[in-house]
Amino acid sequence: MLYENLFKNPKDAAEILRKIEHCSDGSGQIRLMEICGTHTMAIARSGIRSVLPASVRLLSGPGCPVCVTPAGMIDMILELAQRPGVLIASYGDLLRVPGSRQGDSLLSRRAQGALVESVYSPVDAVHLAEAHPELEIVFLGVGFETTAPGTAACILEAAERRVKNFSVLCLLKRTEPALRSLIESPDFAVDGFLCPGHVAAVTGSDAFAFLPRDYGLPGVVSGFEPADLLGSILELVRMVRDRRPALKNEYTRLVHAEGNVSALRLMEQVFTVSSADWRGLGRIKESGYILREKYAPWDAWKKFSLCPAPEKEIPGCRCAQVIRGVQAPSGCPLFGRICSPENPVGPCMVSGEGACAAAYQYEYDPS
């Protein structure tokens, strides 16, 4: 049974929780990982960890696109922001992410005079370029498959309108290669995955069929309401208990097996795949998107001859371990002491989808 018709009913959620307790009894420790930053925040906000039985443990994986952007990449962006005549346009979260030095972010560089603007969509950045022909507008294309179609659309619009002072620094990531890298790492210890509903809305639920097929791990594509998440956890616990891994789609009200065909075609038109660097996971083959040669005039990598700075983490920060799910946010020696949303050290505390930000806001007791 899936739970798309029950996702807002508290009584149904309580019943699902009782079933989780019953199914997990005697099964040993079951470790489940969500790989979506919105799931991470929804789990913390609804208090799901606090009501699950001790035998079921939820871990946060590499589901926050801002968090997996390496510090060396941020340092490169900070250098680009200092170039004369360059304006950096970005989603809000990325403005506060520090590079290899605490407090050194796009927001702080803006306070020092750099041209930095927050935008709500990639197309806003195209319009910004049209309004300021004297500047080079660089949009930071961060995200997973969820935001890739919008980034592709803005490139097509810039090409059609011949906006020559606009370019995209493509930092988009692909979910499947990252999960494969995570699963194949020596410290991997997860029994099943809550698969990201937003990504699956674009890629289709079948994009996660490799989990049971290639690794014998169950996966459930989940929505974001408490009963969505509890229902998906129940399905995973049952599959772990019965040793019958499969892929199930709980989020059928939005996600289909084949995904959003129009969005996938748009991505295929504009992007091709390439190796990419991930914070916590290193360089992963075919895990990123780059612009096709046809759109080279709007490729900031080529226009500005960019090269990432050497990777160097801020001392003491454990974001790399938190992203892999091998350390809880509270296990970081800086968490709640030196690192807080008001004074973030690493990206997991900055982003609205970061595991540390979620834990601090909803699960942390400073006393």
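Residues numbered from 1 in each chain as written. Predicted model: local features only at pLDDT ≥ 70, side-chain atom pairs only at ≥ 80, totals over all residues. Heavy atoms only, no water.

Draft legend 1. Structural context of the overall build of the protein chain. Regarding its fold elements, the protein chain presents 16 helices and 11 strands. On C-alpha atoms alone, the protein chain measures out to a radius of gyration of 21 Å, which is about the 21 Å that the 2.2 N^0.38 rule sets for 367 residues. Each principal axis of the C-alpha atoms in the protein chain carries an extent, and together these give about 65 × 50 × 40 Å. Total accessible area computed for the protein chain in this model is approximately 15,500 Å², and 50% of it derives from carbon and sulfur atoms. Side-chain charges of the protein chain comprise 38 positive and 41 negative groups, with the mean position of each set lying 2 Å from the other. (Helix = DSSP H or I, 4+ residues; strand = E, 2+ residues; numbered from the N terminus. Rg over C-alpha atoms; globule rule 2.2 N^0.38 Å. Areas by Shrake-Rupley, 256 points an atom, 1.4 Å probe, with all protein chains shown as cover. Lys, Arg positive; Asp, Glu negative; His and termini not counted. Charge placed at Lys NZ, Arg CZ, Asp CG, Glu CD.)

Draft legend 2. Structural detail: the sheet that holds strand β4 (residues 115-118). The parallel open sheet is built from four strands, whose spatial order is β4-β3-β5-β6. Both edges of this open sheet fall to β4 and β6 (166-172), since each of them pairs with a single strand only. Averaged over all pairs of adjacent strands, the angle between their axes in this sheet comes to 25°, without regard to strand direction. Here four bridges tie strand β3 (residues 86-90) to β4, and the two strands are oriented parallel to one another. Opposite Ile 88, over in β4, you have Val 116 as the bridge partner. (Pairing = 2+ DSSP bridges. Axes fitted to C-alpha atoms, helices over the stretch in contact; angles between N-to-C directions.)

Draft legend 3. Region of the structure containing the state of the cysteines. Going through the model one piece at a time under the given rule, you end up with one disulfide. The thiol sulfur of Cys 23 is not disulfide-bonded, and the nearest other cysteine sulfur, from Cys 195, lies at 19 Å. (Disulfide = S-S within 2.5 Å.)

Draft legend 4. The pairing of strand β1 (residues 30-34), seen in detail. Counting buried residues in β1 gives four out of five residues, a clear majority hidden from the surface. As paired strands, β1 and strand β7 (residues 192-196) are joined by three bridges and run parallel to one another. Residue Met 33 lies in a different strand from β7, and its bridge partner there is Phe 193. (Buried < 20%, exposed > 50% of the residue type's maximum accessible area, 1.4 Å probe, protein only.)

Draft legend 5. Structural view of the packing of aromatic side chains. Taken as a whole, this structure holds nine aromatic pairs when the rule is applied. For the ring pair Phe 144 and Trp 278, a centre distance of 6.0 Å and an interplane angle of 25° mean the geometry is stacked. Placement of the pair is Phe 144 in the loop between β5 (136-143) and α7 (148-160) and Trp 278 in strand β10 (residues 271-278), with a sequence separation of 134 residues. Taken as a pair, Phe 144 and Trp 278 share a single burial class, namely buried. With a centroid separation of 5.2 Å and an interplanar angle of 80°, the aromatic rings of Phe 335 and Tyr 364 are classed as edge-to-face. Remark: Tyr 364 occurs in the segment after α16 (355-362) and Phe 335 occurs in the loop between α14 (319-324) and α15 (347-350); sequence separation between them is 29 residues. Put simply, the rings of Phe 335, Tyr 360 and Tyr 364 touch in pairs and so form one group of aromatic residues. The aromatic ring of Trp 278 is capped on one face by Lys 173, whose charged end is 5.8 Å from the ring centroid. (Phe/Tyr/Trp six-rings, centres within 6.5 Å; stacked < 30°, edge-to-face > 60°. Lys NZ or Arg CZ within 6 Å of the ring centre and 35° of its normal.)

Draft legend 6. Region of interest: the environment of Glu 15. Turning to its location among the elements, Glu 15 is positioned in helix α1 (residues 10-24). The sequence separation of Glu 15 and Gly 231 amounts to 216 residues, and the corresponding C-alpha distance is 9.8 Å. A polar atom in the side chain of Glu 15 sits 2.8 Å from the side chain of Arg 18. (Polar contact = N/O pair within 3.5 Å; in protein donor to acceptor, adjacent residues only side chain to side chain.)

Draft legend 7. Looking closely at the environment of Gly 150. Tracing the backbone shows Gly 150 in helix α7. The partly exposed category is assigned to Gly 150, whose relative accessible area is 31%. Once the C-alpha coordinates of Gly 150 and Met 267 are considered, the two residues, 117 residues apart in sequence, prove to be 8.9 Å apart.

Draft legend 8. Focus on the packing of helix α6 (residues 122-131) against α7. Two numbers describe how α6 lies on α7: the axes approach to 8 Å, and their chain directions differ by 25°. Taken together, α6 and α7 sit at an angle that is classed as roughly parallel. You can see that α6 and α7 cross each other, and the crossing is right-handed. Across the interface between the two elements, Pro 122, Val 123, Val 126 and His 127 from α6 touch Gly 150, Thr 151, Cys 154, Glu 157 and Ala 158 from α7. (Parallel < 35°, antiparallel > 145°, perpendicular 65-115°, else oblique. Left-handed = near helix turned anticlockwise from the far one by under 90°. Contact = heavy atoms within 4.5 Å.)

Draft legend 9. Quick look at the pattern of salt bridges. Throughout the structure, instances matching the rule amount to 20 salt bridges. In this structure, Asp 228 engages Arg 253 in a salt bridge whose closest nitrogen and oxygen atoms are separated by 2.5 Å. Here the residue Asp 228 occupies a position in helix α11 (residues 226-242), and Arg 253 occupies one in the loop between β9 (247-249) and α12 (261-270), the gap between them amounting to 25 residues. Relative accessible area serves as the criterion here: at 35%, Arg 253 is assigned to the partly exposed category. For Lys 248, the salt bridge goes to Glu 235, with nearest N and O atoms at 3.0 Å. Remark: Glu 235 occurs in helix α11 and Lys 248 occurs in strand β9; sequence separation between them is 13 residues. Taking relative accessible area as the criterion, Lys 248 reaches 31% and is therefore assigned partly exposed. Taken together, the salt bridges that share partners define one network made up of Glu 176, Arg 180, Arg 213 and Asp 214. (Salt bridge = Lys/Arg side-chain N within 4 Å of Asp/Glu carboxyl O.)

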